[in-house]
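Structure at a glance
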Amino acid sequence: MGDIAKYLSDAGTRAALLDMLLDHVYLSLVPLVVSVVLAIVLGLLCHRFRQFNATLIGLSNIVYTIPSLALFAIIPALIGTRVLDPLNVIIALTVYTTALLVRPVAEALAAVPAHVTAAATAMGFRPLRRFLTVELPLSVPVLAAGVRVGSVSNISLVSVGALIGTGGLGTLFTDGFRQRYLAPIIIGIVLTLVLALVVDLLLVLLRNRLTPWARVVKP
Amino acid sequence: MKRTLAVIVAATALVVSACGSKEDLSGAGQQAASGEVVVGSADFTENKILAEIYAAALKTTGATVSLRHGVGARELIVQALQDKSLGVVPEYTGNLLNYFDKTNTTTEAEEVYTALKSKAPAGLEVLEKSDAEDKDVLVVTKATADGGVKSIADLGSGKYVLGAAGEWAQRWQTKINELYGVTFTEIKTTDAGGPITVDALKNGTVQVINLYTTSADIKANGFVELEDPKTMYPAQNIVPLLRSDAVDAKGKEALNKVSAALTTENLADLVKRVDVDKETAANVAADFLKTVSL
Amino acid sequence: MIFADALAWLLDPVNWSGGKSIPTRVGIHLLYCLGAVLGASLIAVPLGLYVGHTGRGGVVLVGGSNALRALPTLGLVTFLYLIAGGGTVGVLIGLIVLAVPPILAGAYAGVQDVDRGVVDAARGMGMTGAQRLWRVEVPNALPLLVGGLRNATLQVVATASVAAYVGIETLGRPLLDGLRVLDYGQFVGGAILIALLAVVLDGVLAGVGRLVVPAGLRLTARSRSRRTPPRRREMPVPVESGGSTA
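Here goes a summary of the coordinates provided. All values derive from a computational prediction rather than experimental measurement. (Residues numbered from 1 in each chain as written. Chains lettered and ligands numbered in written order. Predicted model: local features only at pLDDT ≥ 70, side-chain atom pairs only at ≥ 80, totals over all residues.)

**A few points about the overall build of chain B**
Filter applied, for reference: For the purposes of this entry, the term helix denotes a DSSP run of H or I that reaches at least four residues, the term strand denotes a run of E that reaches at least two, and both are numbered from the N terminus. Here contacts are defined at the residue level, using C-beta atoms placed from the backbone and a cut-off of 7 Å between them.
Across its full length, chain B holds 12 helices and 10 strands. The contacts in chain B between residues at least 6 apart in sequence include a share of 75% that link residues at least 24 apart.

**A closer look at the packing of helix H2 (residues 22–54) of chain C against helix H7 (residues 129–159) of chain C**
The axes of two packed helices give the description: the angle between them and the distance between them. Residues and elements named next belong to chain C. Worth spelling out the cut-off: Angular values range over 0 to 180 degrees, each being the angle between N-to-C directions of two axes fitted as lines to C-alpha atoms, with helices fitted over their stretch in contact. Left-handed describes a crossing whose near helix is turned anticlockwise from the far helix by less than a right angle; the clockwise case is right-handed. Throughout, the ten residues Ala, Val, Leu, Ile, Met, Phe, Trp, Tyr, Cys and Pro are labelled nonpolar, Asp, Glu, Lys and Arg are labelled charged, and all others, Gly among them, are labelled polar.
As a packed pair, H2 and H7 sit with axes 10 Å apart at the nearest point and diverge in direction by 145°. Our pair here, H2 against H7, has a crossing hand that is right-handed. Residues Cys33, Ala36, Val37, Ala40, Ser41, Leu49 and His53 of H2 touch H7, and the partners they reach there are Leu133, Glu137, Val138, Leu149, Ala152, Thr153, Val156 and Val157. Along the lines of polarity and charge, the residues of the contact of H2 with H7 split into 11 nonpolar, 3 polar and 1 charged.

**Notes on the sheet that holds strand E7 (residues 186–189) of chain B**
Residue and element names in this part refer to chain B. Condition: One bridge is not enough; two strands pair if DSSP finds at least two bridges between them.
If you walk across this open sheet you meet the 5 strands as E7-E6-E8-E5-E9, and the pairing is mixed. For this open sheet the edge positions go to E7 and strand E9 (224–225), each flanked by a neighbour on one side alone. In terms of strand pairing, strand E5 (residues 136–140) meets E9 through 2 bridges, oriented antiparallel. Bridging from a neighbouring strand, valine 139 pairs with glutamate 225 of E9. Most of the contacts of helix H8 (residues 195–202) go to strand E8 (residues 208–212), to which it runs at about 145°, and overall it touches strand E6 (161–164), E7 and E8.

**Things to note about the pairing of strand E1 (residues 36–40) of chain B**
Residues and elements named next belong to chain B. This is how the line gets drawn: Burial is judged by counting other C-beta atoms within 10 Å of a residue's own C-beta: 20 or more means buried, 12 or fewer means exposed, and anything between counts as partly exposed, with every C-beta placed from the backbone.
A large share of E1 lies buried, amounting to 4 of its 5 residues. Of the pairings in the sheet, the one linking E1 to strand E2 (residues 64–68) comprises 5 bridges and is parallel in character. Its bridge partner being in E2, valine 39 is matched across the sheet by leucine 67.

**Brief notes about the environment of B:Ile77**
For B:Ile77, the position within the fold is in helix H3 (residues 74–82). When near neighbours in sequence (up to four residues on either side) are disregarded, B:Ile77 contacts B:Gly40, B:Ala42, B:Val71, B:Gly72, B:Leu86 and B:Val89.

**Considering the interface of chain A and chain C**
Facing 47 residues of chain A, the contacting portion of chain C comprises 39 residues. Every element with two or more residues in the side of chain A that touches chain C is listed here: helix H4 (68–79), helix H5 (86–111), helix H7 (127–157), helix H8 (170–179) and helix H9 (182–210) of chain A. Broken down by element, the residue count for the side of chain A that touches chain C peaks at 10 residues, all from H9(A). Here the residues of the side of chain A that touches chain C are counted per class, giving 30 nonpolar, 11 polar and 6 charged.

This is the structure in structure tokens:
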């Protein structure tokens, strides 16, 4: 405990911690936002065109077998980004998160009862409006569950980027390890947990706003 | 349906590109905006301290400076300098020369430095070298040394296991055999002079490890440095490696003053203050810089 | 080009013999993964079954399991290395922590998702709590339970590469070494081996799943499959059904 107090007593260290935390938020949440959009598009494709389904599900399964470290580092060689570009981590995490979300989205869209969509169509909704105002909102609970898991796993995965020099709070682990210094490692773990918790709470609030009917139905 | 898809694809593109432009504004740190100098460091304490010193020195010239620590080994760093992710890094003359010129055989400090100046790839340059040196060194436990191992030559053939960073075998395995006839029963990959390496020697998994002469671990554990009479390891003076257009004349002058003020002793002390006393690299660097007249 | 280098690295006989050979590392990698999944199962399966069966503690379980997911493996492994003075224990615990949430989710959701009518019927037949659990709920939970195990295995196999950072000779070694010197052949070769290992283990577990899941259930499972949570990696559904936020 004394160590942690001593570690935190330095103003420069505290400023550096804030920087790392912000980097961490950025590196983990941008992929989350991008992949929600991608997953909705791809999920819709899966839902409408059954032939995509098997391919996409298969692809997303394969994606998960690739170690995150490998994906982070191979991206510059594949698409020509610079070796230290945070984009490498962002793209890698986007790939993972999209893979995670596609299937639940496709399943949620498929689970929208046929009579509901039929009713919307009968009321004169065009396909786009029907999708955006009926099918998509009804899929929110499932999507939200996936997004929550995605956010937690992204926040924890970003740390691995420290091994290639883009790690947000993960840098605390490599630094602390080399110095045999537990204080930064403990603080890194705690900040990661707190960040995951806060983001999760925000996501729950967002979901509840987007699904007002859920509150009414619950006993 | 087609129209629906088109709208969604367009929306996606918008979001993605919006994120892309946000990227440029982010503080993620290595965008080489005009006038900003990015100082990078490899993944070990001494290099990190040196990078902090360079950064602080450059700031005194009015430059905008950002730091990028823990980039990794030389291969990655040089590539990052070339693609403009980094501007300046602290380097070591001997290993840097061997990297630029795979056929190099020079080991003496001045010769190494002269050769290095001519071998740096286009666009990159080294400034004046410092007297401070941080050489690779093979070390053994006191018990092993007492058993008659004082020099690299005493390691013999197939008697010991060596622990060193992943790139050691590639760089030195042939050379150590040529010069001293030394082979190891195994070369275990540990890390670059970090806890894994030191612990492996302490718990006997390996009997010889590759460390660096400024490492605080040598004294702390009573390890013995092996002599290198045939100078397998070249001189390793500390030298700033930079992309020529990244630093202006004032900045280069400041870095040269830093190099002049650094000695092996004061550098080793800085490393100890961070690794053993747990001070921050930034504070230690700031203290050191007070002793330099910039 | 990169993949040609990787292939060359994979086929280089030098990499197939000695202490650093590919088979040795596959073996070590496998050992840690099996140890972790086994260790995690010993904790998570009983816990998940218990909570699913009694319906008590669901909120705590889901919350705790989500917190575990947020624990950064690299942080945990470096922390435990420094505490324990070595990598073995740290890596094992780090991987167990990684494997617990998906297995827990599978066991818990498996039992919870069993049709209430089926459980009530069992009760009506006079089955005791234990009988209901072992004869009705567990067999019905098996598809999701095996799904959880497969998720856990995939994650553990991919993440065991981090162990190389603290000196454990898993397949992460060629990844880290290749990365240090930008030797993409070695790097991608290592990644391919890890991915292959994950695919093979997943296939084995899928086979085991098919053997242990009762025949009658397979039909039901297929017809229900559209409602089951995604099999891979994480299972969002238990988060919901646990009602941590409802």
